[in-house]
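Results of the structural survey
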Amino acid sequence: MENILETTKKSHKRSFSFLTFMVGFMVLILVLFAIAVIIIGYFAFTQSFTNEYTDYVYRIASSGAKEVDGDYIDTYLEHTSDEMYEIYDNIGSKTDKEDLTEEEYMAYTYVTTEDNLSQLCNNMNMAVVYVIRPSEDYQQYTSIFNCLNANSKFDKWELGHVTDSSNDYITAYKKILKGNSEGETIERINNLGAGEPHITALVPVKDSEGNVTAIICAQRNLGDLNLVRKNFIQGVGALAVILVILVIILSTRFLKRDLIDPITIISMESDRFAKEKTRVEDGTLSHSICKVNEVNNLAHSIDQMEKDTVQYIEDITVFTGEKERLGAELDLASNIQIGMLPTVEQMLSEKKGYSIYASTTPAREVGGDFFDFYMMDDTHLVILIADVSDKGVGAAFFMAIAKTLIRARAGMGGSATEIITYVDKMISERNSEGMFVTVWMAIIDLSTGHVDVCNAGHDYPAIMFGSDDYIIQKGTRHGPPVGFIPGARFIQSEFEIAPGDRIFLYTDGLNEAKRSDGERFGLDRMVTVLNAHKEESNERIIANMKDAVRLFVGSEPQFDDMTMLSFTFEEKI
């Protein structure tokens with residue numbers, strides 16, 4: 001043992017040099033990582049900040065468009081600002097709009113609109129909100145309203161003021177005035193002269209017949225962007241410096257004291273054991289190194305480790321490879337399964353006559369629940385939700401087959417019952433494992449509100465008619481699950497919905513979610529949550545339902561797949 005310690009002292013300089021090299025290498029990696037984070041974060045943050053500003057300015061312009069009466073644009077341009085305010089001042093004590101002459105009412109709308117736009121400009125921190133009418137060749141535009149921020153450096157344009165158009169605005173004018181766009185945004189960063197970088201949103205102003213009579217523009221400066229980016233870079237840079245310093249201090253002290261020296265002694269003992277095939281006195285090695293339990297355990301186990309190392313490496317290599325392969329396959333299966341469902345963009349995009357949102361949360365990496373929605377033709381929408389009788393990979397494959405068969409058969413037309421009957425026949429013929437799937441499927445005529453339903457063993461939906469509360473709709477009769485009884489007969493049900501009515505579908509993973517004392521979430525709680533948020537969007541309804549379930553079950557693990565779909569009939573098409 002004394003020989004080992006002496007040899008360790010002699011080789012100490014080499015070990016510390018290696019440690020220094022490793023610390024330096026780690027610091028370099030951290031510095032490069034910090035630089036990469038700053039660069040990527042800089043551009044990502046700039047893009048995110050700009051997108052947020054763009055959306056904000058567009059919403060302000062849209063709000064302002066609602067304040068402007070497009071029927072009076074031509075009449076406004078026949079007067080000057082002074083004439084407008086002179087007529088308005090002569091209104092005097094008239095408080096009833098019916099007592100105003102047409103000219104007085106026109107002046108009243110102009111002054112109140114300008115006041116509202118000015119308040120909007122100042123309250124929402126816009127640089128300027130203005131309404132213009134481009135010329136027929138788009139090369140010039142005439143000012144109608146020009147509302148400046150109280151801190152603005154711009155000169156106010158009077159009613160009728162004519163200004164030349166810039167090239168980047170001309171294209172936007174064309175799109176809006178030709179009816180090809182409901183809004184445009186323009187970002188100007190460079191070549192501004194004395195001006196500040198800004199984002200401008202352009203929204204059409206329409207008359208009562210839907211014709212575009214003017215364009216409202218809301219402009220916001222991007223002065224805050226540079227300040228925020230500067231703070232971001234300074235913050236990340238300071239954090240990176242602190243991390244580098246901490247890594248240098250902690251890694252040097254820890255590695256030197258608790259790893260390098262003890263491991264060097266263990267390494268020397270391993271070499272000695274391999275040559276001499278003799279063991280030191282029990283406990284001497286660990287006590288000679290340090291008081292770290294893990295290192296002492298390593299020293300005590302050195303003899304057994306040498307004997308088992310080769311076999312262990314072989315076993316762990318096989319095990320690791322198999323685990324990585326299985327994990328990769330599960331990840332692939334999960335991605336494929338998610339890819340088969342409608343995307344968030346599809347669910348949240350503007351639909352003609354309806355809105356919809358759905359969510360599925362598998363109990364394992366992949367699950368057996370699924371939902372779907374698609375148009376069979378120009379007026380008929382299919383919505384469905386389903387629950388396979390098992391969980392995991394097998395259920396996921398069965399789910400994929402069932403979903404594909406339903407969509408393929410629906411593409412051929414027919415009633416919901418005919419579609420489910422066909423799918424049941426196809427599955428029953430080759431269902432050696434005896435799996436089955438419950439399905440609630442509806443074909444909704446968006447032009448009439450007629451709903452054609454086939455319920456194959458699934459839970460009853462919760463439906464809200466008009467402004468009433470959600471109720472569990474048990475009028476749609478049950479049939480057996482698909483694949484459960486070969487040759488089964490499925491029952492057709494029908495009902496009517498009107499604009500404003502909503503349908504909420506779910507799998508039993510929702511109402512049967514349980515907490516640690518065994519109590520289930522239940523349908524009563526589900527309906528209570530629905531009615532508490534019935535005025536909110538489909539997406540928020542599902543988010544609130546998830547929160548309610550999560551709060552109810554607490555730390556209890558999820559035991560079943562949970563899927564929800566919320567549908568709102570907006571209007572007949």
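You'll find the structure just up there.
Residues numbered from 1 in each chain as written. Predicted model: local features only at pLDDT ≥ 70, side-chain atom pairs only at ≥ 80, totals over all residues. Heavy atoms only, no water.

Some thoughts on the overall build of the protein chain
Of regular secondary structure, the protein chain possesses 16 helices and 17 strands. Relative to its 573 residues, the protein chain shows a buried fraction of 42%. A sequence separation of at least 24 residues applies to 67% of the contacts in the protein chain between residues at least 6 apart. (Helix = DSSP H or I, 4+ residues; strand = E, 2+ residues; numbered from the N terminus. Buried < 20%, exposed > 50% of the residue type's maximum accessible area, 1.4 Å probe, protein only. Contact = heavy atoms within 4.5 Å.)

What to know about a nonpolar patch on the surface
A surface patch of nonpolar side chains, amounting to about 1100 Å² of accessible area, comprises Phe21, Phe25, Met26, Leu28, Ile29, Val31, Leu32, Ile35, Ile39, Ile40 and Phe43. In this fold, Met26 is placed in helix α2 (residues 12-67). (Patch = residues over 30% accessible without salt bridge, like charges linked within 9 Å, V, L, I, M, F, W, Y side chains within 5 Å. Areas by Shrake-Rupley, 256 points an atom, 1.4 Å probe, with all protein chains shown as cover. Salt bridge = Lys/Arg side-chain N within 4 Å of Asp/Glu carboxyl O.)

Some words on the pattern of salt bridges
Under the definition given, this model contains 14 salt bridges. Between Glu429 and Lys425 there is a salt bridge, with its nearest N and O atoms 2.7 Å apart. Of the two residues, Glu429 and Lys425 are both situated in helix α13 (residues 416-429); the distance of 4 residues between them amounts to about one turn of the helix. Under the relative-accessibility criterion, Lys425 is labelled partly exposed at 48%. Its salt-bridge partner being Asp547, residue Arg550 comes within 2.8 Å of it at the nearest N-O pair. In this pair, Arg550 and Asp547 both sit in helix α16 (residues 538-553), 3 residues apart, roughly one turn of the helix. Connected through shared salt-bridge partners, Arg515, Asp517, Glu519 and Arg525 make up one network.

Quick word on the packing of helix α4 (residues 81-89) against helix α5 (residues 102-123)
Between α4 and α5, whose axes approach to 8 Å, the crossing angle comes to 110°. In terms of orientation, α4 and α5 fall into the roughly perpendicular class. The chirality of how α4 crosses α5 is left-handed. Each of Ser81, Met84, Tyr85, Ile87 and Tyr88 in α4 lies in contact with α5, whose residues at this interface are Glu103, Glu104, Met106, Ala107, Tyr108, Tyr110, Val111 and Glu114. For the contact of α4 with α5, the class distribution of residues is 9 nonpolar, 1 polar and 3 charged. (Axes fitted to C-alpha atoms, helices over the stretch in contact; angles between N-to-C directions. Parallel < 35°, antiparallel > 145°, perpendicular 65-115°, else oblique. Left-handed = near helix turned anticlockwise from the far one by under 90°. Nonpolar A, V, L, I, M, F, W, Y, C, P; charged D, E, K, R; others polar.)

Description of the sheet that holds strand β1 (residues 128-134)
In a beta sheet, neighbouring strands are held together by backbone hydrogen bonds and run either parallel or antiparallel to one another. Read across the open sheet, the 6 strands follow the order β3-β2-β1-β6-β5-β4; overall the sheet is antiparallel. Because the sheet does not close on itself, it has two edges, and the strands there are β3 (162-164) and β4 (184-188). Mean inter-strand twist for the sheet, computed between neighbouring axes without regard to direction, equals 35°. Relative to strand β5 (residues 198-206), β4 runs antiparallel, the two sharing 5 bridges. Paired with Thr185 across the strands is Ala201, a residue of β5. Sitting on the sheet, α5 is in contact with β1, β2 (140-148) and β6 (212-221), with an inclination near 70° to β2. (Pairing = 2+ DSSP bridges.)

Section: helix α15 (residues 522-532)
Turning to α15, its buried residues number three or more, namely Gly522, Met526, Val527, Val529 and Leu530. Those residues of α15 hidden inside the fold are in contact with β12 (462-464), β13 (470-472), β16 (502-506), α14 (508-511) and α16.

Section: the nonpolar core
Tyr76 and Ile216 are the most contacted members of the largest nonpolar core, which totals 31 residues. Elements with a contribution of two residues or more to this core: α2, α3 (73-76), α4, α5, β1, β2, β5 and β6. Per element, the largest residue contribution to this core is 7 residues, and it comes from α5. When near neighbours in sequence (up to four residues on either side) are disregarded, Tyr76 contacts Met84, Met106, Thr109, Tyr110, Ile144, Phe145 and Leu159. By size, the runner-up hydrophobic cluster in this structure holds 29 residues, among which are Ile406, Ala416, Ile427 and Ile443. (Core = buried A, V, L, I, M, F, W, Y, C linked by side-chain atoms within 4.5 Å.)

Remarks on unusual backbone geometry
The phi dihedral of Asn125 falls on the positive side, at around 60°, and the residue is not glycine. Positionally, Asn125 belongs in the loop between α5 and β1. Even without being a glycine, Tyr138 presents a positive backbone phi close to 65°. Positionally, Tyr138 belongs in the loop between β1 and β2.

Remarks on the pairing of β16
In terms of burial, β16 is a largely internal element, 5 of the 5 residues being buried. Alternating residues of β16 divide into Arg502, Phe504 and Tyr506 and Ile503 and Leu505, and every residue in both groups is buried. For β12 and β16, the ladder comprises 3 bridges, and the chain directions are antiparallel. Bridge pairing in β16 places Met464 opposite Arg502. When β16 meets strand β17 (residues 562-569), the two strands line up antiparallel, connected through 5 bridges. Within β17, the position partnered with Tyr506 by the bridge is Met564.

Points about the packing of aromatic side chains
For the coordinates displayed, the defined rule picks out 15 aromatic pairs. Aromatic side chains Tyr110 and Phe145 sit 4.5 Å apart centroid to centroid with 20° between the ring planes, which places their arrangement in the stacked category. Of this pair, Tyr110 sits in helix α5 while Phe145 is found in strand β2, placing the two residues 35 residues apart along the sequence. Each member of the pair, Tyr110 as well as Phe145, carries the same accessibility label: buried. Measuring from ring centre to ring centre gives 5.9 Å for Tyr130 and Trp157, while their planes differ by 75°; the resulting arrangement is edge-to-face. (Phe/Tyr/Trp six-rings, centres within 6.5 Å; stacked < 30°, edge-to-face > 60°.)

Topic: α5
Here α5 is 22 residues long and its end C-alpha atoms lie 31 Å apart, about the 32 Å a rise of 1.5 Å per residue gives. Backbone geometry just after α5 places Asn125 at a positive phi near 60°. (Expected span 1.5 Å × (residues − 1).)

Observations regarding the sheet that holds β12
Spatially, 5 strands are ordered β7-β17-β16-β12-β13 in an open sheet, and the strand pairing comes out antiparallel. Pairing within the sheet leaves two strands with one partner each, and these edge strands are β7 (354-361) and β13. Recorded for the sheet is a direction-independent mean angle of 15° between the axes of neighbouring strands. Taken strand by strand, α16 contacts β7, β13, β16 and β17, and its axis lies near 150° from that of β17.

Some words on the side chain of Ser415
Within the element layout of this structure, Ser415 appears in the loop between α12 (392-410) and α13. Residues contacting Ser415, with those up to four places away along its chain left out, are Ile443, Asp452 and Gln492.

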